Amino acid sequence: MTVRTRFAPSPTGYLHVGGARTALFSWLYARKHGGKFVLRIEDTDLERSTAESVNAILEGMTWLGLEYDEGPFYQTKRFDRYHEVIEALLSKGLAYRCNCSRERLDDLREAAMKRKEKPRYDGHCRNHDVSPDEPHVIRFRNPDTGVVVVDDLIRGRVSFNNEELDDLIIRRTDGSPTYNLTVVVDDLDMQISHVIRGDDHLNNTPRQINILKALNAEPPKYGHVPMILGDDGARLSKRHGAVSVMQYREDGYLPEALLNYLVRLGWSHGDQEIFSIDEMIELFDIDGVNKAASSFNTDKLLWLNQHYIKQDDAKRIAHLLSPHMGDLGIDPAEGPDLTKVAEAHQERARTLVEMAEMSAFCYQDYDEFEEKAAKKHLRGVAREPLERMREALSALEDWQEEALHGVVEQVSEALELKMGKVAQPLRVAVVGRAASPGIDTTLYLVGKEACLRRIDKALDYITQREAAAG
RNA sequence: GCUCCCUUCGUCUAGUGGUUAGGACGCUGGCCUCUCACGCCGGUAACAGGGGUUCGAGUCCCCUAGGGAGUACCA
């Protein structure tokens, strides 16, 4: 059997991490088995579906590299087909028209609740003749007895009594088909072999299987993946920060880091933490997916992101870093080679946004010294080392790291100081704060002119400070 | 309320009747060191509770508790 999986979001918002993980699992499963991955847009809710959401979802999938082999298919373009199926069901007596009023339905629900029973439609219109000309919905005639067994790829065997299920609406009064009908028809028509989706659909599965049976069709295999909770264990929502996949790009995450994080959330392969895309495809297995919901942990994502930043080619990092520099009002063309800057910060930044912030000093002068750093390092004792450094640097022709390192060393030796006593004040002078890449690299990136200018500024600062102290 | 699902360190997880319950993130002690970071070595911390089954239960069964989903003319 050819494996065919699908991702079927409803376009009522952006692509969030939960959806992205479901899509990833589906995609991996198809890729692993040499199958096809289909994208279907479930936009039958005309009220809430928007074109912007479709674009946002497509954009998110593209960024993550979850390319689809077929689609996107839009359900709104398949209404004729749904109606054809509904008519067939109707003519076989497997579905019927219902004109029960909302009031009656509400009363029914209320009464059932009062009796401590599960609210369900009572089949009132099953044997009534409702004219096609009057306003009506169409309901699927669900079997009254027996059990529906779902052999879930993740949950194992789950069974439901048909008595618990009622005659669900498959076509609304306005003539539009509803979800449970459209998924069934689509999964069937698109020959989906494995339905991998969120576990909020587990309860819908028996209804869908019943419709499938009515259509004389073989149900696909189902795998219901648990949901993702926020850092605090509560349901993932906007207040947890970035839930939109695209927000992670904005926040400076690498797609491979997010993917790696997501694949390990609810799935594992022994003790392995790092997975390349190829490894994921090779090792992923749907029955290795956990049954329990898991909490999103930003710290671990950060760790993975740093891992990939460290590991990746500096040129690519620079390429991805560039727009974040732009966000800070910096044009990387006006300054040191961005690749070199990125390389110097690869082991220091957890995100590209952090990298941009810590790299800014290479392109623009800082406004003020960081207070703590200045207080500690720009003191009277730093004056001489800074003056000596200024002198030596201004005389230096060969502005390369090796030579720069030599200069710092020579000055330290000449003053009989440990390197730190020279490098730290120098660093604060040149960077404005106490942390940066190696002092030689730092000097190199800032450039001669700016270095001298900033050292002067530091010397002024020391002078002022001494004057203030009296 | 009813139906269905879930429950190992704070978090992600390994574990498929016999383990000193392992790894990772985080936190933390140390080493390295011109700072920060990286890296390396060490530490902290878990089987929700109660009954069974068994020579032996994190692993099997039942109950309780706690979470979650569904219960729509949403998907």
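The structure this text deals with has already been given above.
Residues numbered from 1 in each chain as written. Chains lettered and ligands numbered in written order. Predicted model: local features only at pLDDT ≥ 70, side-chain atom pairs only at ≥ 80, totals over all residues. Heavy atoms only, no water.

Right, let's talk about the overall build of chain A for a bit. When its secondary structure is counted, chain A shows 19 helices and twelve strands. With the C-alpha coordinates of chain A rotated into their principal frame, the extents come out at 105 × 50 × 35 Å. Every one of the 470 residues in chain A was classed for burial, and the buried ones make up 50%. Within chain A, contacts between residues separated by at least 24 positions form 76% of all contacts whose residues are at least 6 apart in sequence. Accessible area of chain A: about 23000 Å², with a carbon and sulfur share of 46%. In chain A, 61 positive and 78 negative side-chain charges are present, and the distance between their average locations comes to 5 Å. (Helix = DSSP H or I, 4+ residues; strand = E, 2+ residues; numbered from the N terminus. Buried < 20%, exposed > 50% of the residue type's maximum accessible area, 1.4 Å probe, protein only. Contact = heavy atoms within 4.5 Å. Areas by Shrake-Rupley, 256 points an atom, 1.4 Å probe, with all protein chains shown as cover. Lys, Arg positive; Asp, Glu negative; His and termini not counted. Charge placed at Lys NZ, Arg CZ, Asp CG, Glu CD.)

Attention shifts here to the protein's contact with RNA strand B. RNA strand B sits among 61 residues. The nearest are R155, R172, T173, G266 and E347. The sugar-phosphate backbone supplies 69% of the atoms of RNA strand B found within 4 Å of the protein. Here a phosphate oxygen of RNA strand B and a side-chain polar atom of R109 are 2.7 Å apart. Between RNA strand B and the protein, one listed contact pairs a base nitrogen with a side-chain N or O atom of T173 at 2.4 Å. Contributing elements (two or more residues each) for the surface near RNA strand B: helix 4 (102-114), strand 7 (156-161), strand 12 (294-295), helix 10 (298-311) and helix 17 (419-431). For the surface near RNA strand B, the per-class residue count stands at 18 nonpolar, 19 polar and 24 charged. (Near = heavy atom within 4 Å. Polar contact = N/O pair within 3.5 Å; in protein donor to acceptor, adjacent residues only side chain to side chain. Nonpolar A, V, L, I, M, F, W, Y, C, P; charged D, E, K, R; others polar.)

Under the definition given, this model contains 35 salt bridges. Residue D189 pairs with R81 through a salt bridge whose shortest N-O separation is 2.8 Å. A residue pair is termed long-range when its members are at least 10 positions apart, and D189 in helix 5 (residues 179-189) and R81 in helix 3 (residues 79-91) qualify at 108 residues. Here R81 falls in the partly exposed class, since its relative accessible area comes to 27%. A salt bridge links D456 to R390, with the nearest nitrogen and oxygen atoms 2.5 Å apart. Here D456 is found in helix 19 (residues 448-469), whereas its partner R390 is found in helix 15 (residues 380-395), with 66 residues between them in sequence. Relative accessible area serves as the criterion here: at 28%, D456 is assigned to the partly exposed category. By relative accessible area, R390 is classed as partly exposed at 27%. Put simply, R6, R40, E42, R78, R81, E84, D186, D187 and D189 are held in one network by salt bridges that share partners. (Salt bridge = Lys/Arg side-chain N within 4 Å of Asp/Glu carboxyl O.)

General note: in soluble globular proteins, nonpolar side chains tend to be found buried as a group. Core analysis: the largest hydrophobic core is formed by 105 residues, its most contacted members being F296, L386 and L443. Leaving out residues up to four positions away in the same chain, L386 has contacts with L378, P425, L426, A429, I455, A458, L459 and I462. I86, L90, A95 and V184 belong to the second-largest nonpolar core, a separate cluster that totals 28 residues. (Core = buried A, V, L, I, M, F, W, Y, C linked by side-chain atoms within 4.5 Å.)

Before going further, it helps to examine the side chain of T205. Mapped onto the secondary structure, T205 falls in helix 6 (residues 205-214). A polar side-chain atom of T205 sits 3.2 Å from a polar atom in the side chain of R197. Non-local contacts of T205, meaning those with residues more than four positions away in its chain, are made with V150, R197, Y222 and H224.

This paragraph deals with the layout of surface pockets. Over the atoms, a rolled probe matching the size of one water molecule traces out where space is still vacant. For the largest pocket, the calculated volume is near 1200 Å³. Taken together, 39 residues make up the lining of the largest pocket; nearest its centre are S10, H16, G19, D200 and H201. When residues of the lining of the largest pocket are traced back to their parent elements, those giving at least two are strand 1 (4-7), helix 1 (17-32) and strand 9 (194-198). Residue classes in the lining of the largest pocket are distributed as 15 nonpolar, 13 polar and eleven charged. Considering only enclosed or pocket space, the second largest pocket measures out at about 310 Å³ in volume. (1 Å grid on protein atoms, 1.4 Å probe; cavity = no way out; pocket = protein on both sides within 12 Å on 5 of 7 lines; lining within 4 Å. Points joined across faces, edges and corners; volume = space filled by probe spheres on them.)

Looking along a regular strand, one sees the side chains alternate between the two faces of the sheet. Side chains of strand 1 alternate between two faces, with R4 and R6 and T5 and F7 buried alike. Taken together, the four bridges between strand 1 and strand 2 (residues 36-41) define a ladder with parallel strand orientation. Note that in strand 2 the partner of R4 across the bridge is K36. Traced from strand 1 through helix 1 to strand 2, the parallel crossover comes out right-handed. (Pairing = 2+ DSSP bridges. Right-handed = clockwise from strand over helix to strand, strands pointing away.)

A separate point is the packing of helix 12 (residues 338-345) against helix 18 (residues 439-446). For any two helices packed against each other, one specifies the crossing angle of their axes together with the interaxial distance. One can describe the packing of helix 12 onto helix 18 by two numbers: an axis separation of 11 Å at closest approach and a directional angle of 155 degrees. Here helix 18 runs roughly antiparallel to helix 12, going by the angle between their axes. By crossing handedness, the relation of helix 12 to helix 18 is classed as left-handed. Residue-level contacts link K340, V341 and A344 of helix 12 to T441, Y444 and L445 of helix 18. For the contact of helix 12 with helix 18, a count of residues per class yields four nonpolar, one polar and one charged. (Axes fitted to C-alpha atoms, helices over the stretch in contact; angles between N-to-C directions. Parallel < 35°, antiparallel > 145°, perpendicular 65-115°, else oblique. Left-handed = near helix turned anticlockwise from the far one by under 90°.)

For the rest of this paragraph, the subject is the environment of P336. Turning to its location among the elements, P336 is positioned in the loop between helix 11 (314-327) and helix 12. Taking the relative accessible area as the measure of exposure, P336 reaches 17% and is therefore buried. As a C-alpha pair, P336 and V446 span 110 residues in sequence and 7.5 Å in three-dimensional space. Residues within four places of P336 in sequence aside, it is in contact with V341, C362, Y363 and L445.

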